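Now for the letters of each chain:
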Amino acid sequence: MFDAKSLLDQFLGGAAGGATGGRRSGRGGADDLLSQGKDFLSSQGSGLALGGLAGLMLGTKTGRKIGGKAVQYGSLALVAGLAYKAYQGYQANKQGEQRPQYPADEPVPIDAPRGTAFDPERQPGGENAFAITLLTAMISAAKADGHIDREEQDRIFAKIDEAGLDAEAKAFLMDELRSPLDLDKVVAGATCPETAAEIYAASRLAIDPDDRAEQAYLQMLAARLDLDPALVNEIELAVREAEAMG
């Protein structure tokens, strides 16, 4: 199995190299949600090639938007933190309580999801399997506006060959690009309301919903994931605050 977790780091961090330089929580030095991270690619040149690939696949609508401290968290931790924050705000609003407040320079509660259903380590199949789910969701969202046509696919396939990916990672990306948009496949990755929120958050990170096709896709995705519109609004707010960290 290819390292989907590191590939997801590259997609969210682009040429910045994803989650390198993450922090530790102090719990015995064990790997945790703060992602100790290691480079997926062996050289700077390959990292830049893959960053360019993510830009092609996602229409330059991510990577440039999520930067700075955000990518230091690691992709899985970032998505979990965003979904957790949105859910906490959603619950507070329902109960008429004050929404949780986080520091302006670190608005994503990375460690908070530990031990909850948002925790990547608790996902069925493990972190790598869930990273594949999120990658699939992001690539599907990128397809929504139709910018990945046959000509664009050919450009991306050429970029994949430059990126130094192993055979499994390359096959995964090519299969996802070639296959038609399949909302059922994306939704099937949601095993509980918490993972549904994470899938939506990752999809929203992949695009800026600035045209009708993207907006319609996100609306359909939210409906199929059975997300309350109020929770969707909280995810949107959390994503925008994360984008402002770059």
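The paragraphs below set out a description of the structure included in this document. What you see is a predicted model; the values in this text were computed from it and never measured.

## Considering the side chain of Asp119
Inference 1: Mapped onto the elements of the fold, Asp119 is located in the loop between helix H4 (75–94) and helix H5 (127–143).
Inference 2: Despite its burial, Asp119 pairs with no opposite charge, the nearest such side chain being Arg114 at 5.2 Å.
Inference 3: At a separation of 3.0 Å, a polar atom in the side chain of Asp119 contacts the main-chain amide nitrogen of Gly115.

## What about helix H9 (residues 193–206)?
Inference 1: Helix length check: H9, at 14 residues, gives a terminal C-alpha distance of 20 Å against a target of 20 Å (1.5 Å per residue), a fit within 8%.
Inference 2: With 13 of its 14 residues buried, H9 lies for the most part within the structure.

## Here we look at the packing of H9 against helix H11 (residues 229–243)
Inference 1: Between H9 and H11, the least distance of the axes is 10 Å, while the angle of their chain directions is 45°. The orientation of H9 relative to H11 falls into the category oblique. Crossing hand, H9 versus H11: right-handed. Seen from H9, the contacting residues are Ala197, Tyr200, Ala201, Arg204 and Leu205; seen from H11, they are Val232, Ile235, Glu236, Val239, Arg240 and Glu243.

## Brief notes about the packing of aromatic side chains
Inference 1: Scanning the model with the defined rule gives four aromatic pairs in all.
Inference 2: Judged by centre distance (6.1 Å) and plane angle (45°), the ring pair of Tyr87 and Tyr90 falls under tilted. Residue Tyr87 and its partner Tyr90 are both found in helix H4; the two are separated by three residues, about one turn of the helix.
Inference 3: Exposure remark for Tyr87: the relative accessible area of 25% places this residue in the partly exposed category.
Inference 4: The exposure class of Tyr90 is buried, given its relative accessible area of 11%.
Inference 5: Taken together, the ring pairs connect Tyr84, Tyr87, Tyr90 and Phe118 into an aromatic cluster.

## Regarding the packing of H5 against H9
Inference 1: Their axes nearest at 8 Å, the elements H5 and H9 cross at an angle of 45°. When the axes of H5 and H9 are compared, the pair comes out oblique. The handedness of the crossing between H5 and H9 comes out as right-handed. For the pair H5 and H9, contact is made by Phe130, Thr133, Leu134, Ala137, Met138 and Ala141 and by Thr195, Glu198, Ile199, Ala202, Ser203 and Ala206, respectively.
Inference 2: Here the residues of the contact of H5 with H9 sort into eight nonpolar, three polar and one charged.

## Quick look at the pattern of salt bridges
Inference 1: With the rule as written, the count across this model stands at 12 salt bridges.
Inference 2: With its nearest N and O atoms 3.3 Å apart, the salt bridge here joins Glu127 to Lys5. Of this pair, Glu127 sits in helix H5 while Lys5 sits in helix H1 (residues 4–13); the two residues are 122 residues apart in sequence, bridging distant segments of the chain.
Inference 3: Accessibility expressed as a relative area gives 25% for Lys5, which makes it partly exposed.

## Quick word on H4
Inference 1: Taking 1.5 Å of rise per residue, 20 residues should cover 28 Å, and H4 covers 29 Å from first to last C-alpha, within 8% of that figure.
Inference 2: Gly96 lies just past H4 and shows a positive phi near 70°.

## A word on the environment of Ala188
Inference 1: Position of Ala188 relative to the elements: it lies in helix H8 (residues 183–188).
Inference 2: Owing to a relative accessible area of 59%, Ala188 belongs among the exposed residues under this scheme.
Inference 3: Through-space distance from the C-alpha of Ala188 to that of Leu225 is 9.0 Å; in sequence the pair is 37 residues apart.

## Some words on the environment of Glu176
Inference 1: Tracing the backbone shows Glu176 in helix H7 (residues 167–178).
Inference 2: On the basis of relative accessibility, which here comes to 6%, the residue Glu176 falls in the buried class.
Inference 3: Separated by 36 residues in sequence, Glu176 and Ser140 place their C-alpha atoms 8.0 Å apart.
Inference 4: Residue contacts for Glu176: discarding those within four places in its chain leaves Thr136, Ile139, Lys143 and Lys185.

Reading guide: rules and limits
Residues numbered from 1 in each chain as written. Predicted model: local features only at pLDDT ≥ 70, side-chain atom pairs only at ≥ 80, totals over all residues. Heavy atoms only, no water. Helix = DSSP H or I, 4+ residues; strand = E, 2+ residues; numbered from the N terminus. Buried < 20%, exposed > 50% of the residue type's maximum accessible area, 1.4 Å probe, protein only. Lys, Arg positive; Asp, Glu negative; His and termini not counted. Salt bridge = Lys/Arg side-chain N within 4 Å of Asp/Glu carboxyl O. Polar contact = N/O pair within 3.5 Å; in protein donor to acceptor, adjacent residues only side chain to side chain. Expected span 1.5 Å × (residues − 1). Axes fitted to C-alpha atoms, helices over the stretch in contact; angles between N-to-C directions. Parallel < 35°, antiparallel > 145°, perpendicular 65-115°, else oblique. Left-handed = near helix turned anticlockwise from the far one by under 90°. Contact = heavy atoms within 4.5 Å. Phe/Tyr/Trp six-rings, centres within 6.5 Å; stacked < 30°, edge-to-face > 60°. Nonpolar A, V, L, I, M, F, W, Y, C, P; charged D, E, K, R; others polar.

Any functional reading would require information beyond the geometric quantities listed.
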